Amino acid sequence: MYEPCFASSFLPSSLVHQRPARTRVCTVRATAAVAAPAMTAFRKYHGLGNDFVLIDNRDSETPALGAEAAAAVCDRHTGVGADGVIFMLPAATEGSDFAMRLFNSDGSEPEMCGNGIRCLARFAADLGVRGQAPGTFRVDTGAGLIVPELLDDGTVRVDMGEPMLSPCYIPTTLQCTLENSYVAPMTVNDRDWPTTAVSMGNPHAVIFVNEEDYAKLDRDLETIGPEFETNHTFPAKTNTEFVRILAPDRLRMLVWERGAGRTRACGTGACAVVVAAVLTEHVARGKDVTVELPGGDLVISWADDDHVFMTGPAQLVYSGELAGDV
Ligand code: ZDP
């Protein structure tokens with residue numbers, strides 16, 4: 001387990017010679033580092049089994065790992081094993097506390113990550129980072145400013161901002177617009193799937209299915225998932241959620257993530273699912289909806305001010321150091 005020399009610095013001492021801005025380091029470890037390969041301190045967290053390697057990168061605008069190294073870290077046999085790697089970067093806009101960037105497990109870079117930002121908020125709190133408002137962080141992301149709040153019960157509630165429904169912004173060529181009741185067919189494996197496209201900063205294709213199709217999709221997800229992910233109607237690829245309506249306030253979803261495949265949970269996906277369910281009049285606007293994911297439940301509401309709120313857990317798994325040659 002990694003132990004920093006000083007509580008004020010989360011940097012591994014082996015990196016200090018490259019990062020003079022943070023100075024107070026015990027001599028022995030700094031000397032030893034000259035011969036050792038560069039090590040990068042990390043902590044691993046998960047939100048409902050959607051797991052991430054988190055790196056404190058506030059001393060540089062450039063992520064400590066490139067896309068290829070991040071993908072290697074995510075490998076479950078030769079790396080740490082994760083669905084993505086998340087970097088806490090210096091604030092990018094006035095009034096924010098820090099910025100988030102992440103790589104999916106295949107090395108692609110998404111705009112946002114719902115489970116990941118809950119983990120990032122927990123990570124920041126665990127490192128002693130203080131937001132400008134107590135218990136709340138203002139985070140710059142590729143989807144704009146996102147605001148997670150640490151609740152007393154240990155869960156994290158996130159203001160995920162407003163969904164985007166305009167096809168050109170999602171981006172999709174499917175005309176899931178008001179004129180079409182927000183549903184358009186996506187053809188995959190010779191079948192037309194009624195799809196609602198929603199962006200939570202990142203693209204989502206939401207498909208409501210019956211119990212029988214849900215079970216079959218679950219069995220076949222590894223083969224059919226990539227067909228949705230790379231469908232030509234989503235030029236930036238897409239995350240895909242298959243959803244069953246269990247009750248007006250309870251949905252169950254299965255997810256195939258862009259760049260990460262089958263995951264146990266997807267926060268932006270759960271938000272997109274509730275937005276799609278409101279648009280298609282399956283659930284009510286402004287009410288808490290429980291979304292059952294393979295890894296557990298998230299509570300989502302699409303509030304009257306258009307912002308989507310997501311509440312769920314984020315847990316520390318362990319701390320460590322990445323070897324320089326991962
Ligand atoms: O948009 C994408 O490429 C997603 N794979 C990003 C990750 C989304 C995530 N699962 C979430 O919780 O929102 C982390």
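If you're wondering where the values come from, they're calculated on a predicted model, not measured in any experiment.

**Q** How should the overall build of the protein chain be read in this particular structure?
**A** Each helix and strand in the protein chain was counted, giving five helices and 17 strands. The proportion of buried residues among the 326 residues of the protein chain is 54%. For the protein chain, restricting intrachain contacts to residue pairs at least 6 apart in sequence, the fraction spanning at least 24 positions comes to 61%.

**Q** Please explain the site of the ligand as it appears in this structure.
**A** Lining the immediate environment of the ligand, one finds 16 residues, of which Cys113, Gly114, Glu257, Gly267 and Thr268 sit closest. Asn115 has a polar backbone atom sitting 2.9 Å from an oxygen atom of the ligand. The side chain of Arg258 places a nitrogen or oxygen atom 2.8 Å from an oxygen atom of the ligand. Against a free-state accessible area of 380 Å², the protein chains account for coverage of 99% of the ligand. Given that more than half its atoms are within 2 Å of the pocket grid, the ligand belongs to the largest cavity. Counting only elements with at least two residues in the shell around the ligand, the list comes to β2 (50-56), α3 (114-126) and α5 (267-279). The class makeup of the residues in the shell around the ligand is six nonpolar, eight polar and two charged.

**Q** Would you mind going over the packing of aromatic side chains with me for this structure?
**A** Ring pairs (aromatic) are described by centroid distance and by the angle formed between their planes. Enumeration according to the criterion identifies seven aromatic pairs in this entry. Here Phe228 and Phe242 contribute two aromatic rings whose centre-to-centre distance is 5.1 Å and whose plane-to-plane angle is 80°, an arrangement assigned as edge-to-face. Of the two residues, Phe228 is situated in helix α4 (residues 211-229) and Phe242 in strand β11 (residues 239-247); the sequence distance between them amounts to 14 residues. For Phe228, a relative accessible area of 0% puts it in the buried group.

**Q** I'm lost on the layout of surface pockets in this one. Help?
**A** Leftover empty space is mapped by rolling, across the atoms, a probe with the size of a water molecule. There is about 160 Å³ of room inside the largest pocket. In terms of lining, the largest pocket is formed by Val188, Asn189, Arg191, Trp193, Asp213, Lys216, Leu217, Asp220, Thr223 and Ile224. Contributing elements (two or more residues each) for the lining of the largest pocket: β9 (191-199) and α4. Grouping the amino acids of the lining of the largest pocket by side-chain chemistry returns four nonpolar, two polar and four charged.

**Q** When you look at the side chain of Glu229 in this model, what are you seeing that I'm missing?
**A** Tracing the sequence through the fold places Glu229 in helix α4. Here Glu229 occupies a buried position and makes no salt bridge, while the nearest side chain of opposite charge, Lys237, is found at 4.7 Å. A polar contact is formed between the side chain of Glu229 and the backbone nitrogen of Gly259, at a distance of 2.9 Å. Ignoring anything within four residues of it in the chain, the contact list for Glu229 reads Lys237, Thr238, Thr240, Trp256, Glu257, Arg258 and Gly259.

**Q** In this structure, what is going on with the pairing of β11? I would like to understand it.
**A** On a regular strand, each side chain points to the face opposite its neighbour's, so the side chains alternate between the two faces of the sheet. Of the strand pairs in this sheet, strand β10 (residues 203-208) and β11 are connected by five bridges, and their pairing is parallel. Bridging from a neighbouring strand, Ala205 pairs with Thr240 of β11. Handedness of the crossover joining β10 and β11 through α4 is recorded here as right-handed. Here β11 folds back onto strand β12 (residues 250-257) in antiparallel fashion, the turn holding two residues.

**Q** I keep staring at the nonpolar core and nothing clicks. Help me out?
**A** When a protein is soluble and globular, its nonpolar side chains tend to lie buried together. Met100, Leu120, Met160, Met253 and Ile300 are the most contacted members of the largest nonpolar core, which totals 57 residues. Setting aside residues no more than four positions away along its own chain, Met100 makes contact with Ile86, Phe87, Met112, Cys113, Ile117, Leu120, Val139, Asp140 and Thr141. By size, the runner-up hydrophobic cluster in this structure holds 20 residues, among which are Cys176, Met186, Trp193 and Leu221.

**Q** For this particular structure, what's the right way to read the pattern of salt bridges?
**A** Pairing of side chains with opposite charge becomes possible as their charged atoms draw close. Under the defined criterion, the tally for this structure stands at 14 salt bridges. Across the salt bridge formed by Arg262 and Asp218, the nearest N and O atoms sit 2.8 Å from each other. Here Asp218 lies in helix α4 and Arg262 lies in strand β13 (residues 261-262), a separation of 44 residues in the sequence. Between Glu292 and Arg252 there is a salt bridge, and its shortest N-O distance comes to 2.8 Å. Taken together, the residues Glu292 in strand β14 (residues 289-293) and Arg252 in strand β12 connect sequence positions 40 residues apart. Overall, the relative accessible area of 15% leaves Glu292 in the buried class. Residue class for Arg252 comes out partly exposed when judged on its relative accessible area of 30%.

Conventions used here
Residues numbered from 1 in each chain as written. Predicted model: local features only at pLDDT ≥ 70, side-chain atom pairs only at ≥ 80, totals over all residues. Heavy atoms only, no water. Helix = DSSP H or I, 4+ residues; strand = E, 2+ residues; numbered from the N terminus. Buried < 20%, exposed > 50% of the residue type's maximum accessible area, 1.4 Å probe, protein only. Contact = heavy atoms within 4.5 Å. Near = heavy atom within 4 Å. Polar contact = N/O pair within 3.5 Å; in protein donor to acceptor, adjacent residues only side chain to side chain. Areas by Shrake-Rupley, 256 points an atom, 1.4 Å probe, with all protein chains shown as cover. 1 Å grid on protein atoms, 1.4 Å probe; cavity = no way out; pocket = protein on both sides within 12 Å on 5 of 7 lines; lining within 4 Å. Sits in = over half its atoms within 2 Å of the grid points. Nonpolar A, V, L, I, M, F, W, Y, C, P; charged D, E, K, R; others polar. Phe/Tyr/Trp six-rings, centres within 6.5 Å; stacked < 30°, edge-to-face > 60°. Points joined across faces, edges and corners; volume = space filled by probe spheres on them. Lys, Arg positive; Asp, Glu negative; His and termini not counted. Salt bridge = Lys/Arg side-chain N within 4 Å of Asp/Glu carboxyl O. Pairing = 2+ DSSP bridges. Right-handed = clockwise from strand over helix to strand, strands pointing away. Core = buried A, V, L, I, M, F, W, Y, C linked by side-chain atoms within 4.5 Å.

That is the geometry; function is a separate question.
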